[in-house]
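# Report on the structure
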Amino acid sequence: MEAIVIAGGLGSRLRPLTDRRPKHVLPVGGVPFVLHQLTKLAAAGVDSVVLATSYHADAFAPVIGDGSRLGLRVSYVTEAEPMGTGGAIRNAAGELRSGPDDPVVVLNGDQLSGHDLVAQVARFEQSAADVCLHLIEVVDPRPYGCVPTGLDGAVLEFLEKSTDPVSSQVNAGCYVFRRSVIDTIPPGRVVSVERETFPELLRARRRVIGHPDSSYWRDVGTPEALVDASADLVHGIAKSPAYLSRPGERLLQAGAQVADPAGVHGGSVVGDDAVVQAGAVVEGSVLMPRSQVGPGARVVRSVVGPGATVGARTSLHGACVGDDAVVGDDCALGPGVRVACGAVISQGAVRRSAP
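Residues numbered from 1 in each chain as written. Predicted model: local features only at pLDDT ≥ 70, side-chain atom pairs only at ≥ 80, totals over all residues. Heavy atoms only, no water.

The helix and strand inventory of the protein chain stands at seven helices and 29 strands. Taken along the three principal axes of its C-alpha coordinates, the protein chain extends 65 × 45 × 40 Å. Here the analysis covers contacts within the protein chain between residues at least 6 apart in sequence; of these, 52% occur between residues at least 24 apart. Accessible surface, the protein chain as shown: approximately 14,400 Å² in total, 50% of it carbon and sulfur. Taking the average place of the 32 positive charges on the side chains of the protein chain and the average place of its 38 negative ones, the gap between the two points comes to 2 Å. (Helix = DSSP H or I, 4+ residues; strand = E, 2+ residues; numbered from the N terminus. Contact = heavy atoms within 4.5 Å. Areas by Shrake-Rupley, 256 points an atom, 1.4 Å probe, with all protein chains shown as cover. Lys, Arg positive; Asp, Glu negative; His and termini not counted. Charge placed at Lys NZ, Arg CZ, Asp CG, Glu CD.)

Structure, rendered in structure tokens:
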């Protein structure tokens, strides 16, 4: 069985963390995010994956290689410019070896999901579907496209984001396509499967079905979501074949130096060669490799990028600090504040929230 992972997006919502790399290689639970997806595919019986890349495409191979250590054969297809979800799928199709009736799994590159992919593929095959979508119920569907289904599971329509959604059931970003359907997507241009491909399939009376699954699912598209997903993996709330550590309060990676491990909790990850000095508290946060947290600092539900420094007695709460940035001593950064890569925040600065 083959799969396509859509990994060409700019990751704009995750800036500044994505200014120097694609979002798919950011660590979540101390593991590059794309590895969570690839190991999930391998566990479900996929043996060949096409990675559809664009932005910072050269960052993937050093992390993944040819996929052999994951039990996969991984190939790469790069778009000169992002072509949307449908365009990326169509562009990657030339690397597929599947026959026209074979299933092809397609994953959006920014979802962490515990759903049963084997069951989704089985539902696709048993129902003779053209496409089978993983669907999930969410408390607030307004940020998502709604996907109402009939009693037989057939998708009735695709409704874009609305202030008054007709259903709490949304597209969770994992599809099983019949290979011949992928070949009907127009080549060489931007195409959205959500806005164009799926509605056109319904108009043509093709069989598009839903696969509801209420297992863990999170769109890891913002710094806040990245922090939460990472903590969920450390705590054992979320499961991934790529996360091999036992559930706990913290994950300290190779070379991490922590003066008082008890001060690091809430599912925090301290990355390779990162330093947390005496008296500092790190709660539910992600400290990326080579970052430093000064004495007496407090870092809560925040991300500190590679090589960044947080000064003594400084407080971060819901903030995001980019690569190699310096936040001086005695600063206070509140929810939504983002510090650009390489920026220097002067001692004593106070930013209560994002502008």
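A few words on the packing of aromatic side chains. We describe a pair of aromatic rings using the distance from one ring centre to the other and the angle between the two ring planes. Scanning the entire structure with this criterion turns up four aromatic pairs. The interplanar angle of 75° and the centroid separation of 5.2 Å between the aromatic rings of Tyr175 and Phe198 together place this pair among those described as edge-to-face. Residue Tyr175 is found in strand E9 (residues 169-178), and its partner Phe198 is found in helix H6 (residues 193-203); the two are separated by 23 residues along the sequence. Here Tyr175 falls in the buried class, since its relative accessible area comes to 0%. (Phe/Tyr/Trp six-rings, centres within 6.5 Å; stacked < 30°, edge-to-face > 60°. Buried < 20%, exposed > 50% of the residue type's maximum accessible area, 1.4 Å probe, protein only.)

The strand order across the open sheet built from six strands is E14-E17-E20-E23-E26-E29, with neighbouring strands paired in parallel fashion. Each having just a single partner strand, strand E14 (264-265) and strand E29 (350-351) make up the two edges of the open sheet. When strand E26 (residues 332-333) meets E29, the two strands line up parallel, connected through two bridges. Bridge pairing in E29 links Leu333 to Arg351. (Pairing = 2+ DSSP bridges.)

On to the nonpolar core, then. Nonpolar side chains tend to gather and get buried jointly when the protein is soluble and globular. Of all hydrophobic cores here, the largest spans 29 residues; its most connected members are Leu35, Leu38, Leu41, Val49, Ile64 and Val105. Of all elements in the fold, only strand E1 (2-7), helix H1 (33-43), strand E4 (48-53), strand E6 (103-108), helix H4 (117-126) and E9 reach the threshold of two or more residues within this core. Ranked by residue count, the leading element in this core is H1, at four residues. Leu41 has contacts with Ala3, Val5, Val46, Val49, Val105, Leu107 and Leu117, leaving out every residue within four places of it along the chain. The next biggest cluster of nonpolar side chains, apart from the first, holds 28 residues, and it includes Ile6, Val50, Val77 and Val106. (Core = buried A, V, L, I, M, F, W, Y, C linked by side-chain atoms within 4.5 Å.)

Going from Arg15 to Pro16, the amide bond is cis rather than trans, its omega being 10°. Among the structural elements, Pro16 can be located in the loop between E1 and strand E2 (27-28). Phi is positive for Ala128, close to 55°, though the residue is something other than glycine. When you line up the elements, Ala128 lands in the loop between H4 and strand E8 (131-137). The phi dihedral of Arg313 is positive, around 65°, even though this residue is not glycine. Mapped onto the fold, Arg313 is located in the loop between strand E22 (309-310) and strand E23 (315-317). By relative accessible area, Arg313 is classed as partly exposed at 48%.

A few words on the pattern of salt bridges. Counted according to the given criterion, the structure contains 16 salt bridges. Ionic pairing is found between Arg178 and Asp101, a salt bridge with its closest N-O pair at 3.9 Å. Here the residue Arg178 occupies a position in strand E9, and Asp101 occupies one in the loop between helix H3 (84-92) and E6, the gap between them amounting to 77 residues. Judged by relative accessible area, which is 14%, Arg178 ranks as buried. Within the structure, one salt-bridge network assembled from shared partners comprises Arg20, Arg21, Asp323 and Asp324. (Salt bridge = Lys/Arg side-chain N within 4 Å of Asp/Glu carboxyl O.)

Working note: regular strand, side chains alternate between the two faces of the sheet. Here E1 lies mainly inside the structure; six of its six residues are buried. Of the two faces of E1, both are covered, the one formed by Glu2, Ile4 and Ile6 as well as the one formed by Ala3, Val5 and Ala7. Here six bridges tie E1 to E4, and the two strands are oriented parallel to one another. In the strand pairing of E4, Glu2 is matched with Ser48.

Right, let's talk about the environment of Thr18 for a bit. By the secondary structure assignment, Thr18 is in the loop between E1 and E2. By relative accessible area, Thr18 is classed as buried at 0%. When the C-alpha atoms of Thr18 and Tyr55 are compared, they prove to be 9.7 Å apart, with 37 residues separating the residues in sequence. Apart from the residues within four sequence positions on either side, Thr18 is in contact with Leu10, Gly11, Lys23, Leu26, Tyr55 and His56. Within the local environment of Thr18, its side chain forms a polar contact with the backbone nitrogen of Arg15, the two atoms lying 3.5 Å apart. (Polar contact = N/O pair within 3.5 Å; in protein donor to acceptor, adjacent residues only side chain to side chain.)

Spatial ordering of the open sheet is given by E13-E16-E19-E22-E25-E28, a layout of six strands whose pairing is parallel. In the strand order of this sheet, the two ends are held by strand E13 (257-258) and strand E28 (344-345), each with one partner. Pairing of strand E16 (residues 275-276) with strand E19 (residues 292-293) involves two bridges; the strand directions are parallel. Paired with Val275 across the strands is Gln292, a residue of E19.

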